[in-house]
Amino acid sequence: MTATVRYDEVEVGQELPAAEYNVRRVNLVMYAGASGDFNQIHWNERFAKMVGLPDVIAHGMYTMAQAGRFVTDWAGDPGAVVDFGVRFSSMVVVPDDDRGATISVSGVVEEKLEDKRVVVGLTAKSGDAKVLSKARAVVQLS
């Protein structure tokens, strides 16, 4: 497989269409099972509040995965992402209701590299909080 986005069709400064990802408690329980991270702050409201958190929070790596999903959906091929990194800057608080939380992800092409690769800068927010910083992906385009 190869990326469906063509290198000669993107420009520095080009914005990628934003996407929103809903997060509910059930998603955190499923992620805990898949990742093996059963820390109670990710599923037990009483415990999360006891340790000083406002409520249950999403796993940082779950949040990062949503940003990765955003890039792979844009590129059209998960294998096109050749480098990906973030810093965690805030929590995604997930209330126990029918709405949960929303992670909004947007991106911009920051640089065109050799060999048909681009650097995509990402912004991820939950509410007014920027939850990832220094989020960047290097993507191999066709």
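Draft legend 1. Fine view of unusual backbone geometry. The backbone of D115 sits at a positive phi, close to 60°, despite the residue not being glycine. The residue D115 is located in the loop between β3 (101–112) and β4 (117–126) in this model. Its identity is not glycine, yet K134 carries a phi of approximately 50°, on the positive side. As for its position among the elements, K134 is in strand β5 (residues 129–140). Exposure remark for K134: the relative accessible area of 55% places this residue in the exposed category.

Draft legend 2. Up close: the side chain of R25. As for its placement among the helices and strands, R25 is situated in helix α1 (residues 25–35). There is a polar contact of 3.4 Å between the side chain of R25 and the side chain of E45. Setting aside residues no more than four positions away along its own chain, R25 makes contact with E45, D55, V56, V94, P95 and D96.

Draft legend 3. The pattern of salt bridges, seen in detail. Overall, the coordinates contain seven salt bridges when judged by the stated rule. Put simply, R6 and D8 hold a salt bridge, and the shortest N to O gap is 3.3 Å. With a closest N to O distance of 3.4 Å, E45 and R25 form a salt bridge. One end of the pair, E45, is in helix α2 (residues 45–50); the other, R25, is in helix α1, with 20 residues separating them in the sequence. E45 sits in the partly exposed class, given a relative accessible area of 28%. R25 gets classed as buried once you look at its relative accessible area, which sits at 14%. Salt bridges sharing partners connect three or more residues here, namely R25, E45, K49 and D55.

Draft legend 4. Region of interest: the sheet that holds strand β1 (residues 15–23). Pairing in this open sheet of five strands is antiparallel, and the strands run β1-β3-β4-β5-β2 from one edge to the other. Unpaired on one side and paired on the other, β1 and β2 (81–88) mark the two borders of the sheet. Adjacent strand axes in the sheet meet at a mean angle of 20°, parallel and antiparallel pairs treated alike. The pairing of β4 with β5 spans nine bridges and is classified as antiparallel. Bridge pairing in β5 links R117 to Q140. Strand contacts of helix α3 (residues 60–75): β1, β2, β3, β4 and β5, with the helix running at about 140° to β1, the strand carrying the most contacts.

Draft legend 5. Layout of the packing of aromatic side chains. Inspection of the entire model under this criterion finds one aromatic pair. A centroid spacing of 5.5 Å and a plane angle of 80° characterise the contact between Y31 and Y62, whose relative ring orientation is edge-to-face. Here Y31 is found in helix α1, whereas its partner Y62 is found in helix α3, with 31 residues between them in sequence. For Y62, a relative accessible area of 10% corresponds to the buried category. Taking the ring centre of Y7 as reference, the NZ or CZ of K112 above it sits at 4.3 Å.

Conventions we followed
- Residues numbered from 1 in each chain as written.
- Predicted model: local features only at pLDDT ≥ 70, side-chain atom pairs only at ≥ 80, totals over all residues.
- Heavy atoms only, no water.
- Helix = DSSP H or I, 4+ residues; strand = E, 2+ residues; numbered from the N terminus.
- Buried < 20%, exposed > 50% of the residue type's maximum accessible area, 1.4 Å probe, protein only.
- Polar contact = N/O pair within 3.5 Å; in protein donor to acceptor, adjacent residues only side chain to side chain.
- Contact = heavy atoms within 4.5 Å.
- Salt bridge = Lys/Arg side-chain N within 4 Å of Asp/Glu carboxyl O.
- Pairing = 2+ DSSP bridges.
- Axes fitted to C-alpha atoms, helices over the stretch in contact; angles between N-to-C directions.
- Phe/Tyr/Trp six-rings, centres within 6.5 Å; stacked < 30°, edge-to-face > 60°.
- Lys NZ or Arg CZ within 6 Å of the ring centre and 35° of its normal.

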